[in-house]
Structure formats: C-alpha cells, structure tokens
Amino acid sequence: MIVENLKTVQNNIQESIKKRHNIISQEVQLVAVTKNHDVEAMREAIDAGAVVIGENRVQEAQKKYETLDRDVTWHLIGHLQTNKVKHAVKIFDMIESVDSVKLAEAINKEAMKLGKVQKILVQVNLVKEASKTGVYLEDLDELLKSIDTMENLKLMGLMFIAPIVENLEDVRPMFNQMYQLFTKVQKIPFKNADIKYLSMGMTHDYQIAIEEGANIVRVGTAIFGPRQY
Ligand SMILES: *Cc1c(COP(=O)(O)O)cnc(C)c1O
C-alpha cells in the first residue's frame, strides 16, 4: 500500500503544481511524515522514492535513527523543547519548528558544539491559535533578526500548520497570506539566511497549499494510513 500511496501523492503534487499561481520554485519537496509508524514502513517508503522523512518527536526519531539503515534527510516538524535540542541537532538536517529566540539560541549553542550549521525554518502561528506553537506575526521580525545574528543557524524559510476548518477552502486565504509573508521575508537583507522554503500542507490540504505557493509539504496519513496511538 505504501508504495502505491506514495505514487498517488507524488502524482497529486505534480497535478497541483500545474494549477499553481504563486510560484517560489518549480519543485515541491515531499516530507514523508513517519511519526507513529515503524522503521519497516519507513524503509518501504524510502525504497519507493521518499527522500525526506518528517518526525515530530525527538525521542521517537532518535530510536528510529539508530535502527534505520537508509540514507535519508530528516526534518523535525513538531514542537521542540529546549531539553531535547542537543539530540535534535544530532539527527535533523532541518528543524522546521523554531518559534522563539530562546529555542533558536539553544539550537545555535548545540550546533556550535557539534561544529554544524543547523538549517531551520521559523514556524508561524498566523491566526493565533492558542493550541498551536509558532511565533505570532507581531514577534516575527524580532525573531528573524536575532536568528540572523546566530552563526550556527541558517534560516531557510517559513513553516505553517493550518487550523482545522469545516470547509477546506477556508484554508486557502491563510496559505495565500503565508505566501505573501514569505515573499516579504525574502526581501529582508539578512547576512546569513537563504530564504527559499515555504513548508505548508498536510494530508487533507497539501494540494491547496501547493496551489498557493508551498514548496515543502508534510504528508503522513495519505502515505502510511491512519496512525495507531
Ligand atoms: C503529523 C503532522 C503532519 C502530517 O499529518 P497528516 O495529516 O498525517 O498528513 C504534518 N505536519 C505536522 C507538523 C505534523 O505534526
């Protein structure tokens, strides 16, 4: 099933790319979200062509990282606590969920110890959902500015999780707003950043996200089926 599902998602991505009106880059990166799925499922997806893996918990990722005998790019997509930063920096090529100066500083410090430049995205809480992490719009500029002073971080773009809505089309204006924000951030003269990714869209809304400009989508259920908790 995983192999067929992955193909379907990849085809849907290509279809959505054709319908795009906001375009950051021609390619869309698919993050296969493997949280709550086992290493066997991960291998199956990777062998079928998945090149980026998304995990939302450091501890779970760590166990899988030790057993997974595959060469793959790791993205952290879940909230990161400062006491897990040390392990996160060892595993993840990209940390998509940076949302505070404090967290950025902790990542910078651990990356420095490893002699690594950690790629990050800043997660934006566009509609101020209390239940979600992510930086509020009014705090975004300050966060971006301080990240730009941290030599072991490389800011690569923005990440957004859309709220659950009754009518799926209601997320479209939010994705569009994120795209507008992204193009604004791209114009900021950073010393150190390379703003090229806008990560948004999950199983139920990745096609809309791509149409509105996403060039990273994070898809779990559509590839691996429902998660067992
Ligand atoms: C779990 C998760 C996803 C994938 O969700 P699906 O609905 O299974 O595609 C994407 N992004 C984040 C941040 C997640 O936590």
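Attention in this report is confined to the structure presented alongside it. (Residues numbered from 1 in each chain as written. Predicted model: local features only at pLDDT ≥ 70, side-chain atom pairs only at ≥ 80, totals over all residues. Heavy atoms only, no water.)

1. Some thoughts on the packing of helix α1 (residues 2–18) against helix α2 (residues 39–47)
The line we're drawing: All axes here are fitted lines through C-alpha atoms, helices being fitted over the stretch that makes contact, and every angle between N-to-C directions spans 0 to 180 degrees. Numbering goes from the N terminus for both helices and strands, where a helix is a DSSP run of H or I of at least four residues and a strand is a run of E of at least two. Throughout this description, any angle smaller than 35 degrees is read as roughly parallel, any larger than 145 degrees as roughly antiparallel, any in the 65 to 115 degree range as roughly perpendicular, and the remainder as oblique. For any helix crossing, the convention is left-handed if the near helix is rotated counterclockwise from the far helix by under a right angle, and right-handed if that rotation is clockwise. Contacts between residues were defined by any pair of non-hydrogen atoms, one from each residue, lying within 4.5 Å.
Interhelical geometry of α1 versus α2 gives an angle of 50° and a closest axis separation of 9 Å. On the basis of the axis angle, α1 is oblique to α2. Our pair here, α1 against α2, has a crossing hand that is right-handed. Every residue of α2 that contacts α1 at Ile2, Val3 and Leu6 is listed here: Ala41, Glu44 and Ala45.

2. Describing the environment of methionine 94
Residue placement: methionine 94 occurs in strand β4 (residues 94–98). Spatially, the C-alpha atom of methionine 94 lies 8.8 Å from that of isoleucine 77, the residues being 17 residues apart in sequence. The contact partners of methionine 94, leaving out residues within four places of it in the chain, are Trp74, His75, Leu76, Gln118, Lys119, Ile120, Leu121, Met156 and Tyr197.

3. Comments concerning helix α7 (residues 172–186)
Let me state the cut-off plainly: One fewer than the residue count of a helix, multiplied by 1.5 Å, yields its expected span. Only protein chains enter the accessibility calculation, which uses a 1.4 Å probe; a residue is then buried when its area is under 20% of its type maximum, exposed when over 50%, and partly exposed in between.
Between its terminal C-alpha atoms α7 stretches 21 Å, which fits the 21 Å expected from 15 residues at 1.5 Å a residue. Looking only at α7, the buried set comprises Met174, Phe175, Met178, Tyr179, Leu181, Phe182, Thr183 and Val185.

4. Regarding the pattern of salt bridges
Short version of the rule: A side-chain nitrogen of Lys or Arg and a carboxyl oxygen of Asp or Glu constitute a salt bridge if their distance falls within 4 Å.
What the rule picks out here adds up to 16 salt bridges. Between lysine 64 and glutamate 55 there is a salt bridge, with the nearest N and O atoms lying 2.7 Å from each other. Salt-bridge contacts for glutamate 212 lead to arginine 172; the nearest nitrogen and oxygen are separated by 2.8 Å. Of this pair, glutamate 212 sits in the loop between α8 (206–211) and β8 (216–219) while arginine 172 sits in helix α7, placing them 40 residues apart in sequence. Since its relative accessible area comes to 3%, glutamate 212 is described here as buried. When salt bridges that share partners are traced, they join Lys19, Glu169, Arg172, Glu211 and Glu212 into one network.

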